[in-house]
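A structural walkthrough
Below are the chains, spelled out letter by letter.
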Amino acid sequence: AGGTGFHIVFLVDNSRSMAMGDVAGAKNRSHAVFGAIDAFLELLVGMPGVLVSLVLCNDSTQEQVVRAPADAALRKLIAGIRDRTVPRFGGKYAPALVALRGLAKDEVTIGVLLSDGRPGDNKAASEEVMRKIRKELGARCMLHTISFGPEASGANAQCLQSLARIGGGT
């Protein structure tokens, strides 16, 4: 693609706290996250130059989709991932951000971290990874964060907000 188009990388918190059923209209936080991703993809279908990746993140990361075009087949694939995904283990943001860096190529890469804001790793470590990404790639790689669940404020929100601020996002 050589600098044309853009790449959206969904970093999905798949830690055990995402199994909590406290988001209105969704089975649990995880399903709420996948509902938000589907709504976003619906808007992207048919846009030229848009690539999508999806990474499940808990104590480790699992790349489920890598650089796929935003189309109806992708929406179906991600619905299947939603249906077989079981939130478990702890949640760590630093490995998720390392995965984001690994997926960033020539085009603008937009990371979207979807979480309840309860990382199991050190906030400072995650912030340092994001600083290194921004120093290396500048505005070609940014991070936005979206919070799910009733604790998505206070200390939990502060970590997500800090990462987004460092990552040039919201």
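What counts and how
- Residues numbered from 1 in each chain as written.
- Predicted model: local features only at pLDDT ≥ 70, side-chain atom pairs only at ≥ 80, totals over all residues.
- Heavy atoms only, no water.
- Helix = DSSP H or I, 4+ residues; strand = E, 2+ residues; numbered from the N terminus.
- Rg over C-alpha atoms; globule rule 2.2 N^0.38 Å.
- Buried < 20%, exposed > 50% of the residue type's maximum accessible area, 1.4 Å probe, protein only.
- Contact = heavy atoms within 4.5 Å.
- Areas by Shrake-Rupley, 256 points an atom, 1.4 Å probe, with all protein chains shown as cover.
- Lys, Arg positive; Asp, Glu negative; His and termini not counted.
- Charge placed at Lys NZ, Arg CZ, Asp CG, Glu CD.
- Pairing = 2+ DSSP bridges.
- Axes fitted to C-alpha atoms, helices over the stretch in contact; angles between N-to-C directions.
- Phe/Tyr/Trp six-rings, centres within 6.5 Å; stacked < 30°, edge-to-face > 60°.
- Parallel < 35°, antiparallel > 145°, perpendicular 65-115°, else oblique.
- Nonpolar A, V, L, I, M, F, W, Y, C, P; charged D, E, K, R; others polar.
- Left-handed = near helix turned anticlockwise from the far one by under 90°.
- Polar contact = N/O pair within 3.5 Å; in protein donor to acceptor, adjacent residues only side chain to side chain.

Thoughts on the overall build of the protein
Each helix and strand in the protein was counted, giving five helices and five strands. When the helices and strands of the protein are listed from N to C terminus, the series reads β-α-β-β-α-α-β-α-β-α. For 170 residues, the compact-globule estimate of 2.2 N^0.38 gives 15 Å, and the C-alpha radius of gyration of the protein, at 15 Å, lies within 12% of that figure. Taking the principal axes of the C-alpha coordinates as reference, the protein spans close to 40 × 35 × 25 Å. Residue burial in the protein is summarised as follows: out of 170 residues, 45% are buried. Taking contacts inside the protein between residues at least 6 apart in sequence as the whole, the part at least 24 apart equals 78%. Carbon and sulfur atoms provide 55% of the accessible area of the protein, an area that totals close to 7,700 Å². With 20 positive and 16 negative side-chain charges, the protein shows a separation of 2 Å between the mean positions of the two kinds.

Details of the sheet that holds strand S1 (residues 6–13)
The strands making up a sheet are joined through hydrogen bonds of the backbone, oriented either antiparallel or parallel. Pairing within the open sheet is mixed, and its five strands lie in the order S3-S2-S1-S4-S5. Only two strands of the sheet have a single partner each, and these edge strands are strand S3 (61–69) and strand S5 (141–147). The mean angle between the axes of side-by-side strands here comes to 15 degrees, regardless of whether they run parallel or antiparallel. Looking at chain direction, strand S2 (residues 50–57) and S3 are connected through six bridges and run antiparallel. Across the sheet, residue Cys-57 finds its bridge partner in S3, namely Thr-61.

A word on the packing of aromatic side chains
Aromatic ring pairs are described here by two measures, namely the spacing of the ring centres and the angle between the planes. Counted under the stated rule, the structure contains one aromatic pair. Aromatic pair Phe-10 and Phe-40: ring centres 6.0 Å apart, planes at 90 degrees, arrangement edge-to-face. Of this pair, Phe-10 sits in strand S1 while Phe-40 sits in helix H1 (residues 29–44); the two residues are 30 residues apart in sequence, bridging distant segments of the chain.

Some details on the packing of H1 against helix H2 (residues 72–84)
With their axes 10 Å apart at the nearest point, H1 and H2 run at an angle of 180 degrees to one another. Overall, the two elements H1 and H2 adopt an arrangement that is roughly antiparallel. Counted together, His-31, Phe-34, Ile-37, Asp-38, Leu-41 and Glu-42 of H1 and Leu-74, Arg-75, Ile-78, Ile-81, Arg-82 and Asp-83 of H2 form the full contact between these two elements. In terms of residue class, the contact of H1 with H2 is built from six nonpolar, one polar and five charged.

As for the packing of helix H3 (residues 93–103) against helix H4 (residues 123–137)
Following both chains from N to C, one finds H3 and H4 inclined at 15 degrees, their axes separated by 8 Å at the closest point. In terms of axis orientation, H3 runs roughly parallel to H4. For H3 against H4, the interelement crossing comes out left-handed. Contacts between H3 and H4 involve Tyr-93, Ala-94, Leu-97, Val-98 and Arg-101 on the former and, on the latter, Ser-126, Val-129, Met-130, Ile-133, Glu-136 and Leu-137. Looking at the contact of H3 with H4, its residues break down into eight nonpolar, one polar and two charged.

Some words on the environment of Gly-138
Relative to the helices and strands, Gly-138 resides in the loop between H4 and S5. Relative accessible area serves as the criterion here: at 24%, Gly-138 is assigned to the partly exposed category. Considering only alpha carbons, one finds Gly-138 and Ala-39, 99 residues apart in sequence, at a separation of 28 Å.

Some details on the side chain of Thr-85
Along the chain, the position of Thr-85 falls in the loop between H2 and H3. Given a relative accessible area of 11%, Thr-85 falls into the buried group. Reaching out from Thr-85, the side chain makes a polar contact with the backbone oxygen of Ile-81 at a distance of 2.4 Å. The contact partners of Thr-85, leaving out residues within four places of it in the chain, are Asn-14, Ser-30, Phe-34 and Leu-56.

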